[in-house]
Amino acid sequence: MRTIRIVWQRLLSLQGQTCDRCAATELALQQAVETLQQVLAPLQMQVEFHRQALTLAQFNQDPQASNRIWIADQPLEAWLGASTGSSPCCSVCGDAACRTLECGNRSYEAIPPQLIIKAGLLAAAQQMSAP
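A. Spotlight on the side chain of Q9. Tracing the sequence through the fold places Q9 in strand β1 (residues 2–11). A distance of 2.8 Å separates the side chain of Q9 from the backbone oxygen of A65, its partner in a polar contact.

Structure follows, in C-alpha cells:
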C-alpha cells in the first residue's frame, strides 16, 4: 500500500496553545485528511498525518516556519503552484508576520481544506504514475 505523508508544523506555547490561524488550519487538515483517506482507500493508498510543534525560540528565528504543510515531502505551495507571503498575526504569535499562502488572486492565513485535498490528490496521482 502506498502512503501519502502530510506533515504540519506550528508554534505551540508552553501551555499547548496556538494562534487562531493555526487552529483553523488544524481543523481544515483534519477534514482534508479524512476526505483523502476515504477517496484514496479504494486505490490502495493511505494517508499519514503528523503534527510537529515549534518552540517559541524556533518560531522567533523563523515565523514563516509556523503553519507550514508538506505533502509527500513537498511544500503545499509547490503542489498548488502557489507562493507564500506574510501578515501580522495575533495571540500566541505576538505581532509576528506569520505565514500566508498566496494562491491565484487570494491570500489565505488559515489553509482551507479544499486546497489541502487538491494538493493531496496531485501527490497521489504522482505516486500512482511512479513505478
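B. Structural context of the sheet that holds strand β6 (residues 97–103). In space, the three strands of this open sheet follow the order β5-β6-β7, with antiparallel pairing throughout. Only two strands of the sheet have a single partner each, and these edge strands are β5 (83–88) and β7 (106–108). Within this sheet the neighbouring strands show an average axis-to-axis angle of 40 degrees, counted without direction. Note that β5 and β6 share six bridges and pair antiparallel. Counterpart to S87 in the pairing with β6 is C98.

C. Main features of the sheet that holds strand β3 (residues 68–71). Strand order in the open sheet formed by four strands is β2-β1-β3-β4, and the pairing between neighbours is mixed. The strands lining the two open edges of the sheet, one partner per strand, are β2 (45–54) and β4 (74–75). Here β1 runs beside β3; their pairing, made up of four bridges, is antiparallel. Bridged to W8 within β3 is I69. Contacting β1, β2, β3 and β4, helix α4 (residues 113–129) crosses the sheet at an angle of about 145 degrees to β1.

Calculation rules
- Residues numbered from 1 in each chain as written.
- Predicted model: local features only at pLDDT ≥ 70, side-chain atom pairs only at ≥ 80, totals over all residues.
- Heavy atoms only, no water.
- Helix = DSSP H or I, 4+ residues; strand = E, 2+ residues; numbered from the N terminus.
- Polar contact = N/O pair within 3.5 Å; in protein donor to acceptor, adjacent residues only side chain to side chain.
- Pairing = 2+ DSSP bridges.
- Axes fitted to C-alpha atoms, helices over the stretch in contact; angles between N-to-C directions.
- Contact = heavy atoms within 4.5 Å.

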